[in-house]
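Report on the structure
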Amino acid sequence: MAPIRRAIASTGLEVFPVNLGGTPFGRSTDRQQAFEVLDAYRSGGGNFLDTADGYGDGASESVVGAWLTSRAAHDEFVIATKVGKHSQLPGLRRENILAAVDASLRRLGGDRIDVYYAHYDDESVPLADVAGTFSSLVDAGKIVSIGVSNFRAERVEEWLRIAQDEHLHAPVAIQPHYNLVERAYEDELGAVAAKQGLAVMPYWALASGFLAGVVRNATQAEKHSEFAARYLGERGDRVLEALDTAASNHHVTQSTVALAWLIAQPTVTAPVAGARTPEQVAGLVEAATLDLTPEELDALSAASR
Ligand SMILES: NC(=O)c1ccc[n+]([C@@H]2O[C@H](COP(=O)([O-])OP(=O)(O)OC[C@H]3O[C@@H](n4cnc5c(N)ncnc54)[C@H](OP(=O)(O)O)[C@@H]3O)[C@@H](O)[C@H]2O)c1
């Protein structure tokens, strides 16, 4: 069977519709556990990893690089990383980006980064300078394409306008905070992505575990994720009920349903989701082949309104 892939427009890159997140690698997930998670993702058909130089100040990138090398898998995988949050190279000044990209390449161990995101907007640097620096990295062959994370819609549009006016390589992907219980993306950024044909990789796709259905009260939130506690309440209960129903209909986990809902949304290319164990990875990769019915999609959307 042909692998399941979605195109990132105008790049030639083809990615599995679930992007594996690397935040915990080398931090809460040690190297051996991370390797098990990465092996499970690869066995499930995955080829798309997300990391950042800010995750453990390079620790996550180092684990990803070591794994790619040990599995001789650099050519098989599409690698996304980000700049702007490393403690020694914060922000988007040109000299920081130039130093950061080389450091990321060294840690990742390949000859190019496939999607290189600005991790956050840095309004202390003129956007034209940031756009020029990223574009020069494409020209230098260090990165294949440009991505933008955590930017407001009008700033993404401004970058695209500058790129067009200055004949620069333009961003082709965005990584916004978007999931079944965080839907502000749909208001403005979603319209920009649709109009400009951007690839969209929503992060915290499982709302830090809340959408996996394992956090249903304050005690469980304490054990799994304090962050997920913010979704507890009437609306959260409605969402969990809709997830439970669809999960039981298809004999899959709630995390699979939550990701399948995102994959089915207009503009979404590949949600970014994390896993601590190979068992959890199975729930993520299954989302690529789960077709929710129109009624299930509507019920999930209505529950989270
Ligand atoms: N661009 C940005 O600014 C930004 C910000 C945040 C994140 N991200 C990206 O998004 C990625 C994902 O974020 P995340 O891992 O923090 O959050 P997430 O994907 O929303 O949630 C992951 C958590 O869900 C739980 N989970 C997953 N599958 C499960 C299953 N089958 N059953 C039960 N629980 C399950 C696990 O929690 P337990 O560990 O409690 O079991 C896991 O750690 C990051 O790695 C990063 O690449 C980007």
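This text follows the structure it describes.
The text that follows walks through the structure, step by step, so that each part is easy to find. Here the structure is a predicted model, which is why all the values come from computation and not from measurement.

1. So, the pairing of strand β5 (residues 78–83)
Of all the 6 residues making up β5, 6 are buried; the element is thus mostly covered by neighbouring parts of the structure. Residue alternation in β5 divides its side chains into two sets, Val78, Ala80 and Lys82 and Ile79, Thr81 and Val83, and both sets are buried. Judged from the 3 bridges that link them, strand β4 (residues 48–50) and β5 form a sheet pairing that is parallel. Its bridge partner lying in β5, Leu49 is registered against Ile79.

2. Let's talk about helix α2 (residues 59–70)
Under the 1.5 Å per step criterion, the end-to-end length of α2 is 17 Å for 12 residues, consistent within 8% with the ideal 16 Å. Within the span of α2, buried status applies to Ser60, Glu61, Val63, Val64, Gly65, Ala66, Trp67 and Leu68. In this structure, the buried side of α2 is in contact with α1 (31–43), β4, β5 and α3 (94–108). Positioned one or two residues after α2, Ala72 has a phi angle of 50°, which is positive.

3. Observations regarding the pattern of salt bridges
As enumerated under the stated definition, the model contains 14 salt bridges in all. A salt bridge links Arg107 to Glu61, with the nearest nitrogen and oxygen atoms 2.8 Å apart. With Arg107 in helix α3 and Glu61 in helix α2, this residue pair connects regions lying 46 residues apart in the sequence. We classify Arg107 as partly exposed; its relative accessible area is 22%. For Glu61, a relative accessible area of 0% gives the class buried.

4. With respect to the sheet that holds strand β12 (residues 272–273)
Overall, parallel pairing links the 8 strands, which are arranged β11-β10-β9-β8-β5-β4-β3-β12 in an open sheet. The two strands at the open ends of the sheet, each matched to only one other strand, are β11 (199–200) and β12.

So, how was this worked out
Residues numbered from 1 in each chain as written. Predicted model: local features only at pLDDT ≥ 70, side-chain atom pairs only at ≥ 80, totals over all residues. Heavy atoms only, no water. Buried < 20%, exposed > 50% of the residue type's maximum accessible area, 1.4 Å probe, protein only. Helix = DSSP H or I, 4+ residues; strand = E, 2+ residues; numbered from the N terminus. Pairing = 2+ DSSP bridges. Expected span 1.5 Å × (residues − 1). Contact = heavy atoms within 4.5 Å. Salt bridge = Lys/Arg side-chain N within 4 Å of Asp/Glu carboxyl O.

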